[in-house]
Structure formats: structure tokens, C-alpha cells
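# Breakdown of the fold
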Amino acid sequence: MEVVIVPDAKAGGALIAEAIAALLSRKPDALLGVATGSTPLPVYEALAARVRSGALDASRARICQLDEYVGLPADHPESYRSTVLRQVVEPLGLTESSFMGPDGNAEDVQGACDAYDRALAEAGGVDLQLLGIGTDGHIGFNEPCSSLASRTRIKTLTEQTRQDNARFFAGIDEVPHHVITQGIGTILEARHLVLLATGAGKAEAVARSVEGPVSALVPASALQLHPHATVVVDEAAASRLKLADYFRATYAAKPAWQGL
Ligand code: PGA
């Protein structure tokens, strides 16, 4: 696992946008797995700025969702479908036809989850999956004790996560209890995992994921099992890492042409 410590969230966004731009120049129709929440916004802003300036042609990119609330109407502004369309698909000049996500309103929820796993595989697999991390160490909505081999399925949110997400809704009572999330096993199939964490609130979860044992108790620790996982953290989120100086030195010595 490579850990890159950046000064702040904006620098993290710029660095990851550069890696995505490099991927799209190698593979213009790459399948990009995107995440929701506040953390990835600097990535999307940096990507959109590249598209606006003409520095990046993302017109053939394909976008897929990591997770979705169950039971929110698809056009609800806080459904992850609406969120990804608003934050990623539209600013990159893409259309809904380049976008795929699980159906959070399917009558047969598990059938919809299985169909989404199949659709990802049929699309050739995810080239780069962007991830945030929950304060409890979740990735996607794989809460603690999710199987490290799990596939896309329905999960119940912890109270902690519902509280963390209440800021997007009128109040905690409006936050759905259930979600569909790519499983940890599904996420690990992406060719490159890029986790971004910013702020002191994530420092403990980052340290446990990067330096702790691989454990279902800390779902993001599963990144240790992936051959190409990059963790980009700002100084605050890096503040509990024992090996921070080692990570800084290793990254500083890396040839620039290698990218992330
Ligand atoms: P956040 O959410 O980016 O809004 O902190 C991260 C997550 O829950 O994965």
C-alpha cells in the first residue's frame, strides 16, 4: 500500500485528478468508480476544471457508483445516483448513458445487487475506484465486521454512519437505515484503489487501516490485500500514522513518471 501525505484536501484532490487524467489518456473509456460524501469533492472539482480548460478529454469515461441508499426515490437529491450525476457526470460533460449504479428501489434487492456485480464484470471491471473512509473505518457502506470477501448486497447502517450523514438530510430521522453497497470483495476487484481521507476526524480510522492488522472490524484495512492501493491523506488525517516520516520519504524518492 502506498501512502501519500499531502498538505491539504485541495492538494489531495489535484493529485488524484492527475492520476485519473493519466488513466484516461492511456484508456479513454476507463471505468471510474466514484464515491460520495464530502471527501472526494476536491477530486471532482479538479477534474471538472481540467475538462473546462480543455486539458482533459473525459468524454469517453464511464462512471460507476459504489453504493446507494435503499428506498430513496432515484431522483431524490440525496440519492447517490442524483449526487453522482450532479457532482461527476454533468461537470465532466458526460450523460447518464455513461453511468451505472445499483437500483436502490428494486423489489428484489438481492437480485439488483447480483445484477450490479455482473454489470461491473461485463463492463470489463473497474479501472480505478475512488474511496472515502468512514470514521468507523468503513469503505463504501461496508460497516465494521463486513466480510472481507463480501459481494454487493444490502447492509444496515450503524447509528454512527447515520449520524455522520444526517448533515445531508433535514435530520437523522430522514437518513435511510439500509443501503446497497459494493462488497469488499467487489471493491478489491478494481485494478487500482485510491482512498482519500482528510481531516483529524479520520486520523484514527486511517491509522488502523494502514498500520493495524487486516480485520473485518476495520473494513478499509482490506486495502492491504490489494496489489495497487494508494491512500492519500492530508496532514490532519495522517496525524496518527507511526510511519508518517517513512511514507513522506518514500513518496519524495519516487520517480515522478510513475504517478500514483
Ligand atoms: P465523508 O464520508 O467523505 O463525507 O467523510 C466518507 C465515507 O463515509 O465513506
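Residues numbered from 1 in each chain as written. Predicted model: local features only at pLDDT ≥ 70, side-chain atom pairs only at ≥ 80, totals over all residues. Heavy atoms only, no water.

The strand order across the open sheet formed by 7 strands is β1-β10-β9-β6-β2-β3-β5, and the pairing between neighbours is parallel. The sheet is open, and its two edges are formed by β1 (2-6) and β5 (99-100), each paired on a single side. (Pairing = 2+ DSSP bridges. Helix = DSSP H or I, 4+ residues; strand = E, 2+ residues; numbered from the N terminus.)

The full count for this structure, using the stated rule, is 10 salt bridges. Between E204 and R240 there is a salt bridge whose closest N-O contact spans 2.2 Å. Taken together, the residues E204 in helix α7 (residues 203-211) and R240 in the loop between β10 (229-234) and α8 (244-252) connect sequence positions 36 residues apart. Residue classification places E204 among the partly exposed positions, given a relative accessible area of 41%. Within the structure, one salt-bridge network assembled from shared partners comprises K27, D127 and R191. (Salt bridge = Lys/Arg side-chain N within 4 Å of Asp/Glu carboxyl O. Buried < 20%, exposed > 50% of the residue type's maximum accessible area, 1.4 Å probe, protein only.)

A separate point is the site of the ligand. As a matter of local geometry, the ligand sits amid G37, S38, T39, G132, I133, G134, H138, R167 and K202. Contact between the ligand and S38: an oxygen atom at 2.9 Å from a main-chain N or O atom of the residue. For the ligand, an oxygen atom lies 2.8 Å from a polar atom in the side chain of R167. Its free accessible area being 280 Å², the ligand has 83% of it covered by the protein chains. Residues belonging to the shell around the ligand are distributed by class as follows: 1 nonpolar, 6 polar and 2 charged. (Near = heavy atom within 4 Å. Polar contact = N/O pair within 3.5 Å; in protein donor to acceptor, adjacent residues only side chain to side chain. Areas by Shrake-Rupley, 256 points an atom, 1.4 Å probe, with all protein chains shown as cover. Nonpolar A, V, L, I, M, F, W, Y, C, P; charged D, E, K, R; others polar.)

Once that is clear, we can look at the sheet that holds strand β8 (residues 178-181). One open sheet accounts for 3 strands, arranged β4-β8-β7; its pairing is antiparallel. Every other strand in the sheet has two partners, leaving β4 (67-69) and β7 (153-156) as the edge strands with one partner each. Sheet twist, expressed as the average angle between the axes of neighbouring strands with direction ignored, equals 30°. By the bridge criterion, 4 bridges tie β7 to β8 in an arrangement that is antiparallel. By the bridge assignment, K155 is partnered in β8 with V179. Each of β7 and β8 is contacted by helix α4 (residues 109-122), which is oriented at about 120° to β7, the strand it contacts most. (Axes fitted to C-alpha atoms, helices over the stretch in contact; angles between N-to-C directions. Contact = heavy atoms within 4.5 Å.)

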